[in-house]
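Reading the structure
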Amino acid sequence: MPLGLETAMSEITLVLFTTLAPSGAIACAIVAAVLIGAPLGEMERSRINRALCIPLVVTMAGLVASATHLGSPANALYVFAGVGRSPLSNEVFSAVLFLAACGLYWLFCFTEKQYVRVQKAWCGVVIVSAIACVGAIALAYDAPTIATWHTPSVPANVWLSACVGGPLLAMTTLRVARAVCLHTVIGKALPAAAGVSLAANAACLVFQNAGLSDIWNGYGTALDLAPWYPAMVVVYVAAGAMALGVAAFALHKGGLPSVARLIACDALFFAGLFVVRFGFYMMHMTYGLGV
């Protein structure tokens with residue numbers, strides 16, 4: 001098995017984590033922003049609150065996948081002991097805080113009486129914790145000892161991918177909740193923001209790929225580890241463009257895409273993102289001879 005492929009296969013749980021968790025967190029933040037700022041009726045607010053479990057579960061799935069990378073649950077204690085000095089510890093800690101904030105908010109919304117002011121304040125906490133979570137994930141992969149990861153494009157890739165998948169997943173959540181606000185500017189702003197993020201990330205990935213041949217150690221160049229990376233970037237961009245195009249088509253015609261269509265768009269985008277994240281782990285190369 002080629003060295004890069006073997007490395008990525010051994011990190012498959014982290015591929016899943018970086019595919020799902022950042023987009024899920026941004027989707028939660030978007031839905032929380034809608035709950036704060038959009039004029040919502042009582043029933044509509046209640047439906048959106050309950051549908052928030054969709055991006056929350058996506059984020060949790062990514063975090064659970066990454067937890068298997070620890071080997072043993074007891075190792076989590078060592079991870080939390082490094083909070084403040086270790087990027088990995090900061091990443092895990094911020095993800096747990098976000099899940100706690102969002103999960104407890106979701107449970108709180110099942111109370112018989114809707115405390116709207118408390119919900120809005122709590123949504124602000126969810127937004128801040130989601131941004132901190134994605135930021136910590138992005139910084140955790142800017143490792144100084146890994147030549148192929150210690151570049152500005154690495155954290156940018158995490159952020160921009162999350163800003164594509166997040167709006168898509170938020171649209172699905174609001175559609176499941178039958179949110180009337182999707183008929184307003186929100187319904188047009190979400191795919192537009194995702195489209196801009198996809199274009200920016202495509203440029204960022206092309207820039208990253210252009211520098212792979214100049215990064216090398218005793219094993220060869222980074223491009224030797226991930227020879228299919230350009231094709232993986234094409235797959236990601238094509239999948240993202242198709243997903244956004246299908247989601248935006250019905251909105252352009254004045255209607256709304258069905259829930260099934262939006263779920264298919266989410267699945268298509270995450271499949272493309274998984275491919276390019278897999279390529280990211282294939283190019284893992286330290287400055288020394290240790291891969």
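Use the structure listed above.
**Concerning the environment of glycine 240**
Inspection of the secondary structure puts glycine 240 in helix H11 (residues 229-252). Considered as a pair, glycine 240 and leucine 198 are 42 residues apart in the sequence and their alpha carbons are 7.0 Å apart. Discounting residues that sit within four places of it in the chain, glycine 240 has contacts with Leu198 and Phe269.

**Focus: helix H4 (residues 53-67)**
Helix length check: H4, at 15 residues, gives a terminal C-alpha distance of 20 Å against a target of 21 Å (1.5 Å per residue), a fit within 8%. For H4, the secondary structure elements touched by its buried residues are helix H2 (12-37), helix H3 (42-51), helix H6 (87-108) and helix H8 (153-176).

**Some remarks on the packing of aromatic side chains**
A full pass over the atoms with the stated rule returns 13 aromatic pairs. For the ring pair tyrosine 141 and phenylalanine 280, a centre distance of 6.1 Å and an interplane angle of 70 degrees mean the geometry is edge-to-face. Of this pair, tyrosine 141 sits in the loop between helix H7 (116-140) and H8 while phenylalanine 280 sits in helix H12 (residues 259-282); the two residues are 139 residues apart in sequence, bridging distant segments of the chain. Classification of tyrosine 141 as buried rests on a relative accessible area of 6%. Judged by relative accessible area, phenylalanine 280 falls into the buried class, the value being 2%. Chaining the aromatic ring pairs together yields one cluster made of Tyr105, Phe108, Tyr115 and Trp122. Against the face of tyrosine 141 rests arginine 277, its NZ or CZ located 6.0 Å from the ring centre.

Definitions and cut-offs
Throughout this document, residue positions are counted from 1 along each chain, in the order its sequence is written. The predicted nature of this model means local features are confined to residues of pLDDT at least 70 and side-chain atom pairs, given and counted, to a pLDDT of 80 or more, with totals for whole chains, interfaces and linings taken over all residues. Side-chain figures throughout are based on the complete set of non-hydrogen atoms in the structure, without hydrogens or water. Working definition: helices are DSSP H or I runs of at least four residues, strands are E runs of at least two. Numbering for both runs from the N terminus. Any two residues having at least one pair of non-hydrogen atoms within 4.5 Å are treated as being in contact. In this analysis, the expected span of each helix is defined as 1.5 Å times one less than the number of residues it contains. Here is the rule: rings of Phe, Tyr and Trp (six-membered ring for Trp) pair when centre to centre is within 6.5 Å. Planes less than 30 degrees apart are stacked, more than 60 are edge-to-face, and the remainder are tilted. Residue exposure (1.4 Å probe, protein chains only): buried if accessible area is under 20% of the type maximum, exposed if over 50%, otherwise partly exposed. Geometrically, a lysine NZ or arginine CZ counts as sitting over a ring once it is within 6 Å of the ring centre and also within 35 degrees of the ring normal.

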